[in-house]
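# Chain and residue survey
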Amino acid sequence: MELQTERLKIVPCTDELLSTISTEEYEIGPHITMFLEKLREDSTQLGWGVWLVINKENNTIIGDIGFKGKPNSENTVEVGYGIIPSAQNKGYATEAVKEIINWAFTNDDVDKVVAECLHDNIPSIKVLEKLNMNKIGTVNDMLKWELKKRR
């Protein structure tokens, strides 16, 4: 399983993948470790957790993206993402999030993708706006967003 855009490969994170790819500036965070543990216990989590964003030009990881679990009973998944500082402001996040949302919407169990970001995280707000996500509210300092599948 691999998604491709013009500049990126987006690949579900596995132990095997991490052992074969350059992680120069990219740091393996606790969310990756937790996901890999979950994946070892339940292989059906593949695709519904962390995906690595790889720059095709130099085959290095420039960030990660993914869902916070399988679709829930309301056919909704939550997307999250992060791009390393040296690769920010180049459109990579928008490119990657668009592609993974498209992938999610090919699944019959997904009707809606939601996201959240801090109210002052201007780069993330711009990404979500470019993808036509709708701001649906604020809880504490977090903006809530959603995008419904077109029928």
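Residues numbered from 1 in each chain as written. Predicted model: local features only at pLDDT ≥ 70, side-chain atom pairs only at ≥ 80, totals over all residues. Heavy atoms only, no water.

The chain is annotated in an unreviewed UniProt entry as GNAT family N-acetyltransferase of Heyndrickxia oleronia.

Scanning the chain from terminus to terminus reveals four helices and eight strands. Starting at the N terminus, the α and β elements of the chain follow one another as β-β-α-α-β-β-β-α-β-α-β-β. Expected size for 151 residues packed as a compact globule is a radius of gyration near 15 Å; at 15 Å, the chain falls within 12% of this value. With the C-alpha coordinates aligned to their principal axes, the bounding extent of the chain is approximately 40 × 35 × 30 Å. Within the chain, the fraction of its 151 residues that count as buried is 45%. For the chain, long-range pairs separated by at least 24 residues make up 58% of all intrachain contacts whose partners lie at least 6 apart in sequence. If you sum the accessible surface of the chain, you get close to 8500 Å²; carbon and sulfur atoms cover 46% of it. (Helix = DSSP H or I, 4+ residues; strand = E, 2+ residues; numbered from the N terminus. Rg over C-alpha atoms; globule rule 2.2 N^0.38 Å. Buried < 20%, exposed > 50% of the residue type's maximum accessible area, 1.4 Å probe, protein only. Contact = heavy atoms within 4.5 Å. Areas by Shrake-Rupley, 256 points an atom, 1.4 Å probe, with all protein chains shown as cover.)

Our focus in this paragraph is the side chain of lysine 149. Counting through the fold element by element, lysine 149 comes out in the segment after strand S8 (142-148). With no salt bridge to any partner, buried lysine 149 finds its closest opposite charge in aspartate 111, at an N-O distance of 4.3 Å. From its side chain, lysine 149 meets the backbone oxygen of phenylalanine 105 in a polar contact 3.1 Å long. Among the polar contacts made by the side chain of lysine 149, one reaches the main-chain carbonyl oxygen of valine 110 at a distance of 2.8 Å. In contact with lysine 149, not counting residues within four places along its chain, are Phe105, Asn107, Asp108, Val110 and Asp111. (Lys, Arg positive; Asp, Glu negative; His and termini not counted. Salt bridge = Lys/Arg side-chain N within 4 Å of Asp/Glu carboxyl O. Polar contact = N/O pair within 3.5 Å; in protein donor to acceptor, adjacent residues only side chain to side chain.)

What follows covers helix H3 (residues 92-105). Between its first and last C-alpha atoms H3 spans 20 Å; for 14 residues at 1.5 Å apiece the expected length is 20 Å, and the two agree. Judged by how many residues are buried, H3 sits mostly within the fold: eleven of 14 residues are covered. Where H3 is concerned, the buried positions are Tyr92, Ala93, Thr94, Glu95, Ala96, Val97, Ile100, Ile101, Trp103, Ala104 and Phe105. (Expected span 1.5 Å × (residues − 1).)

An order of S1-S2-S3-S4-S5-S6-S8-S7 is seen for the eight strands of this open sheet, with the pairing classed as mixed. For this open sheet the edge positions go to strand S1 (3-4) and strand S7 (134-139), each flanked by a neighbour on one side alone. Lying over the sheet, H3 contacts S1, strand S2 (8-12), strand S3 (50-55), strand S4 (60-67), strand S5 (76-83), strand S6 (112-118) and S8, oriented at roughly 40° with respect to S4. Sheet strands touched by helix H4 (residues 122-130): S5, S6 and S8. Its angle to S6, the strand with the most contacts, is close to 160°. (Pairing = 2+ DSSP bridges. Axes fitted to C-alpha atoms, helices over the stretch in contact; angles between N-to-C directions.)

Taking 1.5 Å of rise per residue, twelve residues should cover 16 Å, and helix H2 (residues 30-41) covers 17 Å from first to last C-alpha, within 8% of that figure. Turning to H2, its buried residues number three or more, namely Ile32, Phe35, Leu36 and Leu39. Looking straight down H2, one finds its buried side chains confined to an arc of 100°; they lie on one side. Exposed residues on H2 whose side chains face more than 90 degrees from its buried face are Pro30, Met34 and Glu41. Buried residues along H2 sit in contact with helix H1 (15-18), S3 and S4. (Arc of directions from axis to C-beta.)

Counting residues in hydrophobic clusters, the biggest one holds 49 residues, and the most contacted among them are Leu52, Ile65, Phe67, Val113 and Met133. Examining the composition of this core, we find that nine residues originate from one element, H3, more than from any other. Leave out the neighbours within four places in its chain, and phenylalanine 67 touches Gly47, Trp48, Gly49, Trp51, Val77, Glu78, Val79, Ile100, Trp103 and Ala104. (Core = buried A, V, L, I, M, F, W, Y, C linked by side-chain atoms within 4.5 Å.)

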